[in-house]
Each structure stands twice: as structure tokens, then as C-alpha cells.
Amino acid sequence: KGSAWSAALETLEFLEKNKVKGYVIGGAVRDTILSREIEDIDIVLEGAPDIVWSLFPHAVQPSSSFPVFIVPRHGYVFEITTFHPDKESLQMNLEHRDFTMNAMTVEISGNLIDPYGGQSDINRRLIRSVSSPLQRMKEDPLRKLRAFRFVSEFNFSLEESTWQAVCADGIGLQDTAKERIQREIEKILEGKACSRALELLLASGVISDFPDSIKPEYILTNQKSPELEDFSTIEEKWAVFFFLLYSEQACCFVNSWPIKKRIRSRIHYIIKMCTANPGGVNWDTEMVYQNGWRTAIQIETVSQWLTGVQDNKRLEHILNLAQSLPIVSRDDLQVDGRDIVRQHPCLPGRWIGYLLDYLEEEVLYGRTANKRDELLSLVKEKLSHER
Ligand code: ATP
Ligand code: MG
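About the thresholds
Residues numbered from 1 in each chain as written. Chains lettered and ligands numbered in written order. Predicted model: local features only at pLDDT ≥ 70, side-chain atom pairs only at ≥ 80, totals over all residues. UniProt positions renumbered as here; feature names shortened; annotations may be inferred. Helix = DSSP H or I, 4+ residues; strand = E, 2+ residues; numbered from the N terminus. Buried ≥ 20, exposed ≤ 12 C-beta atoms within 10 Å, placed from the backbone. Contact = placed C-beta atoms within 7 Å. Domains from an automatic or database assignment. Pairing = 2+ DSSP bridges. Axes fitted to C-alpha atoms, helices over the stretch in contact; angles between N-to-C directions. Near = placed C-beta within 6 Å. Nonpolar A, V, L, I, M, F, W, Y, C, P; charged D, E, K, R; others polar.

## Some details on the UniProt feature "domain: Poly A polymerase head" (unreviewed entry) in the protein
No. 1: Feature annotation in UniProt assigns "domain: Poly A polymerase head" (unreviewed entry) to the following positions: residues 23–128.
No. 2: Regarding residues 23–128, the helix share stands at 24% and the strand share at 27%, and the terminal C-alpha atoms are separated by 22 Å.

As C-alpha cells, then:
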């Protein structure tokens, strides 16, 4: 993987060789000015969408209703869109972008085209709609969330009329695809100024315009401590977000979000545990063992955020319990089902599980060492009692 810009310029040259004019646009231009690493490269080219298929036969079009094409090239992901020069100028194309900092392009000569003052807004750390903010938000209400996303990623401020438009009533997100909403929220949660972005999101009222928001009556009292930036996993941040959005009904709504299933079920579990234990979970050996210390820490962190009581002693307590566990899971037992069957071939099947439960508990509570011989004789003894 070489540098992003050599990949980008090579692609513009390839287009030129095929008599197509292309421009680098969006995140790559913005992030270069911000001295940030470039993740993916957006290209806009002049022509009908069909040109993309003929030049990049391996292109993928994720949604048949949007002419956006994904092309992997030189180790980068290129996102290619088109505009027709007879119907639209480059400037008009830029006018329909969301914010000035995203409405800049670089042409093949390396020249920067910046008709809306994106560079100066970046220098002033401002997020500003390209022309009439209210109209922009009406065109695509997702831009409201994108505004908070850039607050979170860059710790920028919203320019006043842009902020007013974000707060404007009657431009809800009811008709916006959940997948798009979810992507922006995830970026908000991952950003370095996530707490500030969420505070603004709450203050703006946008949150009650969400597709299935329950318009929470009960506002969480201590939302600000601890800071979300300190959370180490995205699951914890999602859990907090769902509490903000749905209050104590959070559990019921998580599964309607298009989050990857594995992550979603973990978020759901964290929320369930926090809801079921409003005063905090009572962590003991068994609770830490059953949840695993990582999940226990996640539950405790979210629960402390909910109650607003920050208490590192409780986190330490979990880690201490975890360290003193003789086994981390049943797989660590020095005896398994086959060992028991070998020694007691006539034992009914359901007894095996029962005996393993018994051994697990004996070892967990330190009543028996996790040693093969001791465990097998314990089985023998148990069976002689039970029979
Ligand atoms: P990232 O670094 O996440 O890729 P990005 O700004 O490049 O940030 P993309 O979603 O890749 O975001 O979009 C590429 C460009 O398309 C944006 O920079 C912006 O110019 C334009 N754009 C994307 N979404 C919208 C939208 N909802 N409204 C207007 N313009 C948009
Ligand atoms: Mg991009």
C-alpha cells in the first residue's frame, strides 16, 4: 500500500487516458488539510454512471438506487460518483455537498478547487453548510447527524446558522435509512469529542426526531460523568447511546438497529444487566465468573455512567475477583465429560452435565483443587452418595 495521494493521482491519470475528467473530493481532501490519515478516497468524474462500469469492471454498486461505486485500487477503497457536465457544473456538484470542508476538490494538476471557503472554515474549526443551511437539511436530514459526526471526529464547532438549521423543527429523520443513521452514529461514538457531540445532539432536539424515538420523559440525570471518551469499547458507548435515546426501554429497541449481530447482542446484554440492577450489580465470584471480567467491566462502566457515581474501587473489585478465580471457564476443568464416561461407562447421559456443574462449582469456590485425580475421586464419591 503506497501513499493515498499517489494512488489517487494515478487513478485520475488513468481516467484522463480514457478521456474522462476526474476529481478527488470529500474526506481525502479535507483530511489532508487537517493532516489526518486518509481512510478512503472519494472520486467524482464527469460522465454517466455507465462509464464507471466500462472503466472499472470490478466496481461494486452497494445500493441500486444510488449511483455510488466502490472500487478497490492500490490498497485503498475508492468511492466513485459521477455528474453529467452537460447538466451540471463541478461547482453545482460541490454546492450539493453537505459542508464547506467537504465541498473541495483536487484536480489532476494538484490544484485545489474551493469555491465555498472550506479551507478557511477548517482553519477556523467551523462546520458550515454549503449555502442555505435550512434547505440543505431539508434535502437530506442525515446531514444533521453528519454535523455532529464532524463535531465528534474533529472537535469543531457548528457555525451559527448551520446550528439553527440542525435544531429546526419539522425536519426529522423518519424517512432516512436506518443503515445510514447507524453509520453516522457509530462515527459519533468513535470520535475524540464524543461526549460533546452527544451533548449537542441532545440539546438540538434531533434525538427526539429519530425514527422510533420514544421521546423520553425521564432524562438521565448524571449523563456527564464519566466521560464517554474514557470508555474503551464501542459496546459501552452504544449502550449509553441507547439509554439516551430510549431511557429505561432501551432493551426493547436495540435489536431494531442494523448493528453487526455479534456486537448488537453484547450491547443488548450490557443494557439488560444495567436495567435489571439499577443500583449497580453486586459483583461476587460467581457473577464475575459467569460474565467474564471483560463483560463485567463493561456492565459496571455503563452502570456507573447511568448512576453518575464514579467509583474505581468497584472496577478494581471486579479485577481482583477475576484474578482470584481458579478457572476462567468450564473448559479449564482438568476433567471433561469423556473422562467421566470412561470411568463410569453405564452412567446415564444427563448425569454427566450434572456432575460437571458440580465440579465446576467446587473448583470455583476453592473447595477442591483443579486436579484430575482429585476431581475424578470427587465424582466417585458423589456417585456413591447419590446412588
Ligand atoms: P469519511 O472520512 O468518513 O469518508 P467523508 O466526508 O468522505 O468522510 P463520505 O460518506 O465518504 O464522507 O462522503 C463523501 C463526500 O460526499 C463527503 O465529503 C461530502 O462531500 C459528500 N456527502 C456525503 N454524504 C452527504 C450528504 N448526506 N449530503 C451531502 N453531501 C454528502
Ligand atoms: Mg469518504
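## Observations regarding helix α10 (residues 194–204)
No. 1: Those residues of α10 lying buried are Cys194, Ser195, Ala197, Leu198, Leu200 and Leu201.
No. 2: If you follow the buried residues of α10, they end up packed against α7 (142–154), α9 (178–190) and α11 (234–246).
No. 3: Looking at the residues trailing α10, positive phi occurs at Gly205, about 85 degrees.

## Details of the domain arrangement of the protein
No. 1: Here the domain parsing of the protein yields domain 1 (4–119), domain 2 (125–210), domain 3 (212–325) and domain 4 (331–386).
No. 2: Computed over C-alpha atoms only, the centres of domain 2 and domain 4 are separated by 58 Å.

## Details of the sheet that holds strand β1 (residues 22–25)
No. 1: Pairing is mixed across the open sheet formed by 6 strands, whose spatial order is β3-β4-β2-β1-β5-β6. Edge positions in the open sheet fall to β3 (69–73) and β6 (112–113), since each of these has one partner strand only.
No. 2: Of the strand pairs in this sheet, β3 and strand β4 (residues 76–83) are connected by 5 bridges, and their pairing is antiparallel. Opposite Val71, over in β4, you have Phe78 as the bridge partner.
No. 3: Relative to the sheet, helix α1 (residues 4–17) contacts β1, β2 (40–46), β3 and β4, its axis offset from that of β2 by approximately 20 degrees.

## Some words on the site of ligand 1
No. 1: Taken together, 14 residues form the shell around ligand 1, and within it Gly26, Gly27, Arg97, Asp98 and Asn102 come nearest.
No. 2: Among the elements of the structure, β2 and α7 are those that each provide at least two residues to the shell around ligand 1.
No. 3: For the shell around ligand 1, the element with the highest residue contribution is α7, accounting for 3 residues.
No. 4: Grouping the amino acids of the shell around ligand 1 by side-chain chemistry returns 2 nonpolar, 3 polar and 9 charged.
No. 5: Both domain 1 (4–119) and domain 2 (125–210) contribute no fewer than three residues apiece to the shell around ligand 1.

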